[in-house]
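Working through the structure, step by step
Here are the chains, one letter per residue:
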Amino acid sequence: MHTKTMEGLVGASTNMDLLHTPFRVYKEARQKGDAGAMKRAMGYVNEYSDKAEEYMEKAEKGMKEDAEEAKEKAKAERENALKKRREEWEELENRIEEGRMKHTDTVEISKDGKEAWSENTGVDSDGMDNHVPAETAADAVKSKPVIYTKDGSVSQSQKESVAKLSVSV
């Protein structure tokens, strides 16, 4: 809470509390019919009332300043959060791009390979079908898969494991 707000609220509260005593004196003087005491008491009442209003204005100014500071602080926090999110988004995009670059292999097919492909499958290197019978194309596709080692040589084909399942009741 802002200093002006605190000072204004405390001052207004104190002056309103102090206002009760001269007002009580005013009521007693009115019952007795003492006009001089009534006039003096009302002077004090007005004085405390004016001071309380001044302090209330000070408190309002302090609250306005508090509100402006809170708005500025919230705006700065939003800007920082937005900046942080943008940085995180850019970092994520960079990591994704790096991941793509690391796990992507480039394959170049030679002219001989393209010719062999078109002869075996009946499909040109541009993807157009040359009307080769389905059996010939299927035979070309049914070749055994090959596993390569890290150094690029063909590894020995692994035997397919047969799963055994035993059930007992």
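For the structure, check the block above.
Anyway, here's the lowdown on the structure attached to this text. (Residues numbered from 1 in each chain as written. Predicted model: local features only at pLDDT ≥ 70, side-chain atom pairs only at ≥ 80, totals over all residues. Heavy atoms only, no water.)

Quick notes on the environment of Met6
Definition in use: In this description a helix means any DSSP run of H or I spanning at least four residues, a strand means any run of E spanning at least two, and both kinds are numbered starting from the N terminus.
Looking at the element boundaries, Met6 is found in helix H1 (residues 3-32). It is 9.2 Å that separates the C-alpha atoms of Met6 and Met63, two residues lying 57 residues apart in sequence.

Considerations on the packing of aromatic side chains
Rule in force here: Note on ring pairs: Phe, Tyr and Trp rings are taken, using the six-membered ring of Trp, and paired if centres are within 6.5 Å. Classes follow the plane angle, with under 30 degrees stacked, over 60 edge-to-face and the rest tilted. The buried label applies to any residue whose accessible area, calculated with a 1.4 Å probe on protein chains only, is under 20% of its type's maximum; exposed applies above 50%, and partly exposed to all values in between.
Taken as a whole, this structure holds 1 aromatic pair when the rule is applied. Where Phe23 meets Tyr26, the ring centres are 6.1 Å apart and the plane angle is 25°; that geometry is what we call stacked. Of this pair, Phe23 and Tyr26 both sit in helix H1, separated by 3 residues, roughly a single helical turn. A relative accessible area of 17% means that Tyr26 is categorised as buried.

Some details on the pattern of salt bridges
Counted only if it meets this: Put simply, a salt bridge is a Lys or Arg side-chain nitrogen that is within 4 Å of an Asp or Glu carboxyl oxygen.
Tallied over the entire structure, the rule returns 5 salt bridges. Close ionic contact of Glu7 with Lys58 constitutes a salt bridge, the shortest N to O distance being 2.7 Å. Of this pair, Glu7 sits in helix H1 while Lys58 sits in helix H2 (residues 35-102), placing them 51 residues apart in sequence. Judged by relative accessible area, which is 29%, Lys58 ranks as partly exposed.

Topic: the environment of Arg40
Mapped onto the secondary structure, Arg40 falls in helix H2. Arg40 gets classed as exposed once you look at its relative accessible area, which sits at 55%. Sequence separation of Arg40 and Tyr26 is 14 residues, and the distance between their C-alpha atoms is 8.2 Å.

Looking at the nonpolar core
Keep this limit in mind: Residues enter a nonpolar core if they are buried and are Ala, Val, Leu, Ile, Met, Phe, Trp, Tyr or Cys, with the set joined through side-chain atoms within 4.5 Å. Residue contacts are defined here by distance: any two heavy atoms, one from each residue, within 4.5 Å place the two residues in contact.
Residues Tyr26, Ala29, Ala37, Met38 and Ala41 constitute the largest nonpolar core, which totals 5 residues. Per element, the largest residue contribution to this core is 3 residues, and it comes from H2. What Ala41 contacts, discounting residues up to four positions off in sequence, is Pro22, Val25 and Tyr26.

Notes on a nonpolar patch on the surface
Where we set the bar: Note that patches include only residues with greater than 30% relative accessible area and no salt bridge, and the join distances are 9 Å for like charges and 5 Å for nonpolar side chains (Val, Leu, Ile, Met, Phe, Trp, Tyr). A 1.4 Å probe and the Shrake-Rupley method give the accessible areas. Residues count as covered only by the protein chains that appear here.
On the surface, Met1, Met6 and Leu9 cluster together into a nonpolar patch covering about 340 Å² of accessible area. Tracing the sequence through the fold places Met1 in the segment before H1.

Some details on a negative patch on the surface
Rule in force here: Lys and Arg are tallied as positive, Asp and Glu as negative. Neither His nor the chain termini are counted. A charge is said to be at NZ when it belongs to Lys, at CZ for Arg, at CG for Asp and at CD for Glu.
A cluster of acidic side chains, namely Asp50, Glu53, Glu54, Glu57 and Glu60, defines a negative patch on the protein surface. Along the polypeptide, Glu60 turns up in helix H2. Under the relative-accessibility criterion, Glu60 is labelled partly exposed at 44%.

Here we look at the environment of Thr21
Along the chain, Thr21 falls in helix H1. Taking relative accessible area as the criterion, Thr21 reaches 42% and is therefore assigned partly exposed. The sequence separation of Thr21 and Val45 amounts to 24 residues, and the corresponding C-alpha distance is 8.5 Å.

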